[in-house]
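The lines below spell out each chain.
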Amino acid sequence: MRRLFHLRLAALALVAGLSLPALAQDKVLNLYSARHYQTDEALYDNFTKQTGIRINRVDSDDAGIFNRLKSEGAASPADVVLLVDAARLWRAENEGLFQPVRSAVLEERIPAQLRGKDSGEGPFWFGFSTRARIVVYDKASVAKADVDQYEKLALPVNKGRLCTRSGSHPYNLSLFGAMLEHLGPEKTETWLKGLVTNMARDPKGGDTDQIKAVASGECAVALTNSYYLARLMRSTVPGEREVAERVGVVFPNQADHGTHVNVAGGAVARHAKNREAAVKFLEYLSSPEAQGYFANGNNEWPVVAGTKLNNRALDAFGSFKRETVPISVIGMNQVKVQQILDRVGYK
Ligand code: FE
């Protein structure tokens with residue numbers, strides 16, 4: 001369909017004696033994305049519809065994108081990089097994989113604490129959506145009061161109950177990095193040792209697997225990002241809503257430092273060849289339309305104030321107290337956290 005359109009344009013251009021390079025088909029944006037959410041397709045298609053810029057997407061996880069950018073160096077075709085974890089964004093910034101962006105649009109829309117370091121020529125990255133790391137539990141066997149703080153997951157009462165994905169997954173590393181800030185190194189090590197002691201099984205699978213394991217009775221308490229639970233709550237797949245209904249939900253630490261919140265964000269790649277299109281794309285991600293996709297499509301919280309929510313799962317979660325540990329601190333704590341995980345045998 002597009003090709004046909006372009007052929008017609010080309011024919012018209014020839015008839016009119018115009019040259020071809022001005023055609024929109026020349027505009028391409030190379031996107032390296034760690035986002036792997038189905039609803040994002042509509043997000044990208046819409047950008048192409050609005051701007052005529054085609055998106056070439058390379059999908060990988062955060063680590064895969066890191067390795068690729070590093071090995072490609074200055075020859076990298078990447079224009080925009082999307083990552084799904086605060087500490088990874090921080091690390092990429094520090095390892096020189098991004099370039100700063102000065103954009104009045106982005107600086108007006110995105111709160112300062114959800115941007116990368118300002119180099120003097122603008123921040124190195126921008127957050128576009130947030131997600132909470134929450135606790136789900138078996139309502140039949142677990143008292144909410146025993147799991148309403150991250151610290152309590154290490155209590156003896158929770159022995160044999162806990163399921164998580166790998167401790168070294170970015171989502172957990174960032175939560176543990178924030179806890180290191182709250183508790184200090186000794187208490188954090190004791191806490192993580194307690195989590196290992198309380199495991200119902202060795203860490204495995206993704207967050208959705210942990211929720212399902214609680215619903216099936218294999219575990220009684222689990223950690224998950226909020227959007228995975230919201231997805232089950234809104235699912236049309238037979239049985240998935242029942243899974244969500246079977247588990248209790250708690251946003252931990254509401255009485256003190258607040259629930260850990262992570263950020264997904266994007267940046268212009270250091271060696272971007274299509275810089276103008278890359279900035280345009282980041283600005284698009286902060287538009288009401290794109291922010292609506294994050295919220296209503298992927299069940300994340302938008303970062304731009306005033307975004308219209310139409311999502312019964314987010315409504316059910318309601319508002320909550322968010323942790324305020326700076327992203328740079330979480331990023332800097334990662335190495336120490338990994339060392340502790342190795343010492344306590346958190347796989
Ligand atoms: Fe995820």
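Owing to the predicted nature of the structure, the values given are computational and were not obtained by experimental measurement.

Student: Looking at this model, I keep getting lost on the overall build of the protein chain. Mind explaining?
Tutor: Looking only at helices and strands, the protein chain has 14 helices and 10 strands in total. For 347 residues, the compact-globule estimate of 2.2 N^0.38 gives 20 Å, and the C-alpha radius of gyration of the protein chain, at 22 Å, lies within 12% of that figure. Per-residue burial for the protein chain yields a buried fraction of 54% across its 347 residues. Within the protein chain, contacts between residues at least 6 apart in sequence are counted, and of these 75% link residues at least 24 apart.

Student: In this structure, what is going on with the packing of helix H6 (residues 170–198) against helix H14 (residues 334–344)? I would like to understand it.
Tutor: Packed helix pairs are characterised by how far apart their axes lie and by the angle those axes make with each other. Relative to each other, H6 and H14 sit at 5 degrees, their axes nearing to 10 Å. The orientation of H6 with respect to H14, classified from their angle, is roughly parallel. From H6, Leu173, Ser174, Phe176, Gly177, Leu180, Pro185, Thr188, Glu189, Leu192, Lys193 and Val196 reach across to H14, where they touch Gln334, Lys336, Val337, Gln338, Ile340, Leu341, Arg343 and Val344. For the contact of H6 with H14, the residue count by class is 10 nonpolar, five polar and four charged.

Student: Mind showing me how you'd approach unusual backbone geometry here?
Tutor: Outside of glycine, negative phi angles account for most residues, and trans bonds account for most peptide bonds. Phi at Asn253 takes a positive value of approximately 60 degrees, unusual for a residue other than glycine. Here Asn253 shows up in the loop between strand E8 (247–250) and strand E9 (261–269). Residue Asn299 is not a glycine yet carries a positive backbone phi of 65 degrees. Checked against the element boundaries, Asn299 lands in the loop between helix H11 (288–297) and strand E10 (301–302). Relative accessible area serves as the criterion here: at 3%, Asn299 is assigned to the buried category.

Student: Can you walk me through the pattern of salt bridges in this structure?
Tutor: Once their charged atoms are close, side chains differing in charge can pair, the charge on each being opposite to the other. Taken as a whole and judged by the stated rule, the model has 17 salt bridges. Close ionic contact of Glu95 with Arg91 constitutes a salt bridge, the shortest N to O distance being 3.0 Å. With a shortest N-O distance of 2.9 Å, Arg102 and Glu107 are connected by a salt bridge. For Glu107, a relative accessible area of 24% translates into the label partly exposed. Residues participating in the shared-partner salt-bridge network are Arg35, Asp40, Arg131 and Glu300.

Student: Help me understand the nonpolar core in this model?
Tutor: In a soluble, globular protein the nonpolar side chains are often hidden away together inside. Judged by nonpolar contacts, the single largest core of 79 residues is most densely connected at Leu29, Leu83, Phe98, Leu229 and Phe281. Looking at this core element by element, the count peaks at seven residues for helix H10 (residues 275–285). With sequence-adjacent residues up to four places away left out, Phe98 is seen in contact with Val81, Leu83, Leu89, Ala92, Glu93, Phe124, Trp125, Ala267, Val268, Ala269 and Arg270.

Student: Is there a simple way to think about the side chain of Arg115 in this case?
Tutor: Assignment of secondary structure puts Arg115 in the loop between helix H5 (104–109) and strand E5 (126–138). Despite its burial, Arg115 pairs with no opposite charge; the closest candidate is Glu107, at 4.4 Å N-O. One polar contact links the side chain of Arg115 to the main-chain carbonyl oxygen of Ile110, over a distance of 2.9 Å. Residue contacts for Arg115: discarding those within four places in its chain leaves Glu107, Ile110, Pro123, Trp125 and Phe126.

Student: Is there a simple way to explain the state of the cysteines in this structure?
Tutor: Working definition of a disulfide: a covalent bond connecting the sulfur atoms of two cysteines. Applying the stated criterion across every chain, the model contains one disulfide. Paired through a disulfide, Cys163 and Cys219 show a sulfur-sulfur distance of 1.8 Å. In this structure, the disulfide formed by Cys163 and Cys219 twists by about -70 degrees around the S-S bond and is classed as left-handed. With Cys163 in strand E6 (residues 162–163) and Cys219 in the loop between helix H7 (207–216) and strand E7 (221–225), the pair connects residues that are 56 residues apart, well separated along the chain. Each member of the pair, Cys163 as well as Cys219, carries the same accessibility label: buried.

Student: Looking at this structure, I do not really get the coordination of the iron ion. What am I missing?
Tutor: Around a metal, the idealised angle for a tetrahedral arrangement of four donor atoms is 109.5 degrees; for an octahedral arrangement of six donor atoms it is 90 or 180 degrees. The protein atoms that coordinate the iron ion are Tyr37 (OH), Tyr171 (OH), Tyr227 (OH) and Tyr228 (OH), at distances spanning 1.9 to 2.8 Å. Between the four donor atoms coordinating the iron ion, the angles at the centre fall across 75 to 137 degrees, so the site counts as irregular. The motif formed by the donor residues of the iron ion, counted along the single chain, is Y-x133-Y-x55-Y-Y. Of this pair, Tyr171 sits in helix H6 while Tyr227 sits in helix H8 (residues 226–233); the two residues are 56 residues apart in sequence, bridging distant segments of the chain.

The rules behind these values
Residues numbered from 1 in each chain as written. Predicted model: local features only at pLDDT ≥ 70, side-chain atom pairs only at ≥ 80, totals over all residues. Heavy atoms only, no water. Helix = DSSP H or I, 4+ residues; strand = E, 2+ residues; numbered from the N terminus. Rg over C-alpha atoms; globule rule 2.2 N^0.38 Å. Buried < 20%, exposed > 50% of the residue type's maximum accessible area, 1.4 Å probe, protein only. Contact = heavy atoms within 4.5 Å. Axes fitted to C-alpha atoms, helices over the stretch in contact; angles between N-to-C directions. Parallel < 35°, antiparallel > 145°, perpendicular 65-115°, else oblique. Nonpolar A, V, L, I, M, F, W, Y, C, P; charged D, E, K, R; others polar. Salt bridge = Lys/Arg side-chain N within 4 Å of Asp/Glu carboxyl O. Core = buried A, V, L, I, M, F, W, Y, C linked by side-chain atoms within 4.5 Å. Lys, Arg positive; Asp, Glu negative; His and termini not counted. Polar contact = N/O pair within 3.5 Å; in protein donor to acceptor, adjacent residues only side chain to side chain. Disulfide = S-S within 2.5 Å. Donors = N, O, S within 2.8 Å, 3.2 Å for Na, K, Ca; no water. Tetrahedral: all angles 85-135°; square planar, octahedral: opposite > 155°, others 65-115°.

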